[in-house]
Amino acid sequence: MLYTAKKYGPDRVIGFSPIPAMSMLSYAAGSRFLQLFGGVLLSFYDLYADFPPASPETWGKKTDVAESADWFNSKYIIAAGSNLNMTRTPDAHFVVEARHHGAKLVVLSPDFSQVSKHADWWIPVNAGMDGALWMAVNHVILKEFYVDRQVPYFLDYLKRYSDTPFVIEIEKTADDYAAGRFLRANRLARYRDVENGDWMLLVFDRGTGEPRMPRGSIGFRWQQEPGQWNLELKDGVDGADIDPQLSLLDSRDDVVEVPFIDFGSGRTFRRGVPVRYLKTENGRVAVTTGLDLLMAQYGVPRGLSGDYPASYDDEDFAYTPAWQEKFTGVGRNTIVQLAREFATTAEKTKGKCTIIVGSGVNHWYHNNLHYRAGISALILSGCVGVNGGGLNHYTGQEKITPMASWSTIAMALDWTRPPRLQNGPSFHYVHSNQWRYEKSHPDYHPPEGRFAREHVMDLQVDAVRMGWLPFYPQFNHNPIHLVRDAESAGAHSPEEISSWMVDQLRTGKTRFSVEDPDLPENWPRMWLIWRANALHTSAKGQEYFQRHYLGTHSNAIADEQAQDSVHEVPWREASTQGKMDLVVDLNFRMDTSALYSDMVLPSASWYEKDDLNTTDLHSYFHPLGAAVPPCWESRTDWDIFRALAEKLSELADVHFLKPFRDLVATPLLHDTPDEIAQPEVRDWSKGECEPIPGKTMPRFSVVERDYVNLVHRFKSLGPGIKKHGVEDHGIDMQIADFYDEFARLVPSYEWNGNRYPSLVSRPT
C-alpha cells in the first residue's frame, strides 16, 4: 500500500464490500481504514442492479418508501415481480393481516407463483410487459376519474404534491412542435430578479389567470432566505395564495399538435394539446401544463384535434386497454376493471393503495419504465406519501436509524474529508475494459442533441469532466505529486492549489484518467475485498475481471469492437491484461475471490464477532453477539484492519515520516447546493463555458494525510465531528456538546497529548 501511494497515489488502492446494513461494524472497519489512507471505496447497491433508477428519476431520491409494516394499512395491494411468501417471508404476514382487515391482494405474475396462490386476483401478465399494462390502467384512470368526472381528492392531491400543474414550453421545430422544458420563473418580468430563478417553476393561478411561482422548487432549498422550501401553495415573492390550474383546456389560446411516439409499434401520433402564449424575455412562447401533456401522451380524448382513440376498444392507438392486449396477454376488460377498482379504492380511502414491486421487474429490461408507469398510477390516485399507499420497492425505506453517526465513523469524517467514493458500475465498465467490447448502439442513443453519442464510454468521460460522476484513479499523475508540483509553482492554499489544478486540466498538462484508461499510469493497482465474493457473485462480467484485472485465464469470447465508435478515448491496439499488482481478500471461506487473490486474511464468520445489523426495510436494528470466539488464526474484520493500520503506521516512519497533502477530486453532490450548479449542460473542455470547480467540473480539495498516526486515528473518534457535526440526506446536525459529553462517559484513547473517545475494545 505504501509503495502504491508513493509511486502511483493512494487513489490506486481500491476497496469493495457489499451492503453495510449486514454487519455495519465489519463494513466500517475497512472503509474507515481506506479513507484514512486516501483509498477508494466502491459502491454496491447499483452494482447489483438493485437500485431502481425510476425512484431518482421521479423523486430525485433513491428508494425512499415505507417500511413493510405499513402494508397493513393498505386497502388495495398489487404485487408485481415480488413473490412475497418466498422472497419476503418475514414481511408477508403484513399482507395476510391486511387481507383479514379488508384489503384486496392482486398479483401481476406470468406464473402461478406462491403469492399468486394466496391472492384474491391473479393476473398472468406476460413477462416484461408490466409497463404496457400500467399505461393502459393510467389511460382508464385519466379518462374516468379526470375527464368523465373529476374527483376532488385527486385534483387537490395533484395540485399540492405533483408536477402536473407546472408550466411546460411547447417548442416550434422546423416543421413540428415538441414538448420542451419546464418554463423557468426568471423568464418572466415578474420574477426576472429572483434568486435561483433558473430553478424556480411556474403554475397558472386559477384566481388571477396568470403564471405564478409557488414555493417548493429546488431553487428555494438553496436560496438565502430560509423557510420557503415547502409545499405551501403560496407565491414565492409576495406570499399570496395560489390555486394551481391543472389544465388549460377551458382557458386556452390555441391548440397545437405535438408528436408522440408509440415505441411498441413504431408509430408516431400527433395529438392536440391546449396552449397559452406568454411573453418572456425571449419573446412569445407557447406553454401547456404537465397534466395536459400527460393526457395527450396517454391518448385520452377531450374533444381536441389529432390522433385520439374513439374508445377503449381502439387497438391501433397506444395505451388503450385494447392496445395493451397484444403485449401483456391480458384482456381489455380485465384492465378496465383493475383500473376502476384501484382508483375507486384510492378515492374512498384517500390513497390507501400500494404497489409492492420486486426484482422480477427491476432486473428486467427497461425496468425504469415499468416502475414509472406504476408510479404514475399511484400519483394520479393520490397514494404516494399516504400510510397504506405508495410504491414499495424491495429494498426499502432508507431511514436507517444510526446512518448519520455510522457514516461519520465509516468514512473517517471525524478525521478527514472528503472521502473517495466511486460508483461501481462506472469503475468496472472502464477499468475491466468492458467498454472495448461494445460498439455503437444506433437503436438506443438519441439521433441528435446533447447526448447523441455513439458510445457509452464517451458519455462516461463527459460525465466525469463535468463533475457528474466520480472516477478513480483521478488523474494521470499521482495526486500527492500534484500537490507538490503546485507548491513548487507557488500555490499553497487549498484555493490556490485548486486554481492551479484547473489550469493543468485546461491546458492538457494533466488529464483525467478516464480519458485514457489503458495507460499504465491510469490503472488501479491494489484491491482490498472483504465480506464479498467480488470476483464472482458480485462481478458483472467476471471473465473481464479475470482477463483485465488479474491477467489470468478467462472465458471471455467477445471481440473488441469499440474502435470506430468511441471518440473521447484514444484507441490502443493492445488492450491491457493484468492491471492489479495485488489483490487481498478477507474471507472465512475459499470462494472464487479467495482462490484468485494474492493474499487471504482469515476473517471471523457471523457467529464469531459482535456487530450491528440494520435493514432498509424496517426502522429497527439488531445487535449481534459473538456465540464463540474466532477460530484458529481468524480475527474480526475490525481487528484485521486495525492490525493493518498498526503495521502501515510502523512502516510509514521510513516512507512518509511527516504528514503530507493529497489532492481529492469529488463530483457535484445531491442534497447540497451542487444540485443547482448547472442550469444548462455545457462542457468546459469544448470551450462551451469556463472550468469552475464545483460548478462546471468536479471540486478539488486538499486533504492532509498522516500515515504515521493513521493507526491512532483509526482507533479514536476524532474532533472533526465537533467541527462538522453529522449529516444525512442534506440535514446537518451540530453535535459538539454531545461529543464532549460522550467523551466523558466512554473509555478514552490518548495519543500526541490529547484524549479522544476510544473505538477499540481494549484502549491502549
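Everything discussed here concerns the structure shown above.
Below, the structure is looked at part by part. (Residues numbered from 1 in each chain as written. Predicted model: local features only at pLDDT ≥ 70, side-chain atom pairs only at ≥ 80, totals over all residues. Heavy atoms only, no water.)

Brief notes about the overall build of the chain
Alright, step 1. Summing up its helical and strand segments, the chain has 25 helices and 26 strands in all.
Alright, step 2. Over its C-alpha atoms the chain spans a radius of gyration of 28 Å, differing by no more than 12% from the 27 Å that the globule rule assigns to 764 residues.
Alright, step 3. Projecting the C-alpha coordinates of the chain onto the three principal axes gives extents of approximately 80 × 60 × 60 Å.
Alright, step 4. Counting across all 764 residues of the chain, residues that qualify as buried make up 55%.
Alright, step 5. Restricting the contact set of the chain to residue pairs at least 6 apart, pairs at least 24 apart contribute 70%.
Alright, step 6. Taken as a whole, the chain presents about 33200 Å² of accessible surface, with 52% of it coming from carbon and sulfur.
Alright, step 7. Charged side chains in the chain number 78 positive and 100 negative. The centres of these two groups are separated by 2 Å. (Helix = DSSP H or I, 4+ residues; strand = E, 2+ residues; numbered from the N terminus. Rg over C-alpha atoms; globule rule 2.2 N^0.38 Å. Buried < 20%, exposed > 50% of the residue type's maximum accessible area, 1.4 Å probe, protein only. Contact = heavy atoms within 4.5 Å. Areas by Shrake-Rupley, 256 points an atom, 1.4 Å probe, with all protein chains shown as cover. Lys, Arg positive; Asp, Glu negative; His and termini not counted. Charge placed at Lys NZ, Arg CZ, Asp CG, Glu CD.)

So, helix α2 (residues 24–37)
Alright, step 1. Counted at 1.5 Å a residue, the expected span for α2 with its 14 residues is 20 Å, and the 20 Å between its end C-alpha atoms agrees.
Alright, step 2. Counting buried positions along α2 yields 13 of 14 residues, so the element is predominantly enclosed.
Alright, step 3. Of the residues flanking the end of α2, it is G38, one or two places downstream, whose phi is positive at about 100°. (Expected span 1.5 Å × (residues − 1).)

Comments concerning unusual backbone geometry
Alright, step 1. In this model, R417 is joined to P418 through a cis peptide bond whose omega is 5°.
Alright, step 2. Looking at where P418 falls in the secondary structure, it is placed in the loop between α15 (403–410) and β15 (421–422).
Alright, step 3. A positive phi angle, close to 75°, is found at S23, a residue other than glycine.
Alright, step 4. Locating S23 in the fold gives a position in the loop between β1 (13–16) and α2.

With respect to the pairing of strand β26 (residues 754–757)
Alright, step 1. Of the strand pairs in this sheet, strand β25 (residues 748–751) and β26 are connected by 4 bridges, and their pairing is antiparallel. Paired with Y749 across the bridge in β26 is Y756.
Alright, step 2. The hairpin turn running from β25 into β26, its antiparallel successor, is 2 residues long, and N752 in that turn takes a positive phi close to 55°. (Pairing = 2+ DSSP bridges.)

Details of the pairing of β1
Alright, step 1. Across the two faces of β1 the burial is the same, with V13 and G15 and I14 and F16 all buried.
Alright, step 2. Where β1 lies against strand β16 (residues 526–530), 4 bridges are found, and the strand directions are parallel. Among the inter-strand pairings, V13 is bridged to a residue of β16, identified as M526.
Alright, step 3. Of the pairings in the sheet, the one linking β1 to strand β2 (residues 40–42) comprises 2 bridges and is parallel in character. Pairing of I14 across the sheet is with V40, part of β2.
Alright, step 4. In this view, the connection linking β1 to its parallel neighbour β2 by way of α2 has right-handed handedness. (Right-handed = clockwise from strand over helix to strand, strands pointing away.)

Re the nonpolar core
Alright, step 1. F16, F33, W527, F641, F656, Y707 and L710 are the most contacted members of the largest nonpolar core, which has 66 residues in total.
Alright, step 2. It is α2 that contributes the most residues to this core, 8 residues altogether.
Alright, step 3. In this view, Y707 contacts L2, A5, P10, L36, F37, L648, S649, A652, F656 and F660; residues no more than four positions away in its chain are not counted.
Alright, step 4. Among the nonpolar cores identified, the runner-up in size contains 60 residues, and Y76, I78, L246 and A339 belong to it. (Core = buried A, V, L, I, M, F, W, Y, C linked by side-chain atoms within 4.5 Å.)

Notes on helix α8 (residues 152–161)
Alright, step 1. Buried within α8 are the following residues: Y153, F154, L155, Y157, L158 and K159.
Alright, step 2. Its buried side turned inward, α8 meets α7 (130–147), α10 (290–297), α12 (332–349) and α14 (367–380).

By themselves, these are just geometric observations and shouldn't be taken as functional.
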